[in-house]
Amino acid sequence: MDSVLTNKNPIIYPKRTRRSRTDQSSTDEFSSTNRIRDIKDPEHPELSLEDLNVLTEESVEVDDHKSYVIITFTPTLPHCHLPTHIGLCILVKLVQSLPARFKVDVRVAPGSHDKETTVNKQLGDKERVTAALENPELVALLNKMMQVC
């Protein structure tokens, strides 16, 4: 990853109060958001995607009966150079933590990025995702993004 920051002064949003839940029987927006809310931003590793409003509870859709999860994330800038890394990290984290029956679809929010179509195509292509995950440097970055503080 290059050392030049694209977004030198990102807006940091207040964290939402974490709710607790006693019913752990189903996969829903709440449980899926909790799985990914602490993923670190690749450019600002001291901040989470939630801190930067890249991910919100509202950007997570889950259909437990159809075994489907859709995550729509919003890069901090329309010309952010790392949306594919962010999307890939979200995808990997959910695939690792959800039951295998779930199909996970990760995409850039409409109108939020200059290369939205290209990024969405990359994230939706299983062969491209598999090839990306064979890159040891990229896997190391994704693991770093998923580390808990």
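Everything numeric here is computed off the predicted structure, so don't read it as measured data. (Residues numbered from 1 in each chain as written. Predicted model: local features only at pLDDT ≥ 70, side-chain atom pairs only at ≥ 80, totals over all residues. Heavy atoms only, no water.)

Draft legend 1. Layout of the packing of helix H2 (residues 83-97) against helix H3 (residues 116-124). The geometry of H2 relative to H3 is characterised by a closest axis approach of 10 Å and an angle of 30 degrees between their N-to-C directions. You can see that H2 and H3 cross each other, and the crossing is right-handed. Residues Pro-83, Thr-84, Gly-87, Leu-88 and Leu-91 of H2 pack against Val-119, Gln-122 and Leu-123 of H3. Of the residues contributing to the contact of H2 with H3, the split by class is five nonpolar, three polar and no charged. (Axes fitted to C-alpha atoms, helices over the stretch in contact; angles between N-to-C directions. Helix = DSSP H or I, 4+ residues; strand = E, 2+ residues; numbered from the N terminus. Left-handed = near helix turned anticlockwise from the far one by under 90°. Contact = heavy atoms within 4.5 Å. Nonpolar A, V, L, I, M, F, W, Y, C, P; charged D, E, K, R; others polar.)

Draft legend 2. Broad picture of the pairing of strand S2 (residues 68-73). With five of six residues buried, S2 lies mostly within the body of the structure. Judged from the four bridges that link them, strand S1 (residues 60-63) and S2 form a sheet pairing that is antiparallel. Directly across from Val-60, in S2, lies its bridge partner Ile-71. As defined by bridge partners, S2 adjoins strand S3 (residues 103-108) across six bridges and the pair is classed as parallel. Looking across to S3, one finds that Val-69 is bridged to Val-104. This β-α-β element, S2 to H2 to S3, shows right-handed connectivity. (Buried < 20%, exposed > 50% of the residue type's maximum accessible area, 1.4 Å probe, protein only. Pairing = 2+ DSSP bridges. Right-handed = clockwise from strand over helix to strand, strands pointing away.)

Draft legend 3. Spatial organisation of the environment of Lys-103. For Lys-103, the position within the fold is in strand S3. Classification of Lys-103 by relative accessible area gives partly exposed; the value is 42%. Spatially, the C-alpha atom of Lys-103 lies 8.5 Å from that of Ile-70, the residues being 33 residues apart in sequence. Excluding its chain neighbours within four sequence positions, the residues that come into contact with Lys-103 are Ser-67, Tyr-68 and Val-69.

Draft legend 4. How the structure looks around the packing of H2 against helix H5 (residues 136-146). One way to put it is that H2 packs onto H5 with a least axis distance of 10 Å and a crossing angle of 70 degrees. Here H5 runs roughly perpendicular to H2, going by the angle between their axes. Contacts between H2 and H5 involve His-85, Ile-86, Leu-88, Cys-89, Val-92, Lys-93 and Gln-96 from the first element and Leu-138, Leu-141, Leu-142, Met-145 and Met-146 from the second. Its residues assigned to classes, the contact of H2 with H5 comprises nine nonpolar, two polar and one charged. (Parallel < 35°, antiparallel > 145°, perpendicular 65-115°, else oblique.)

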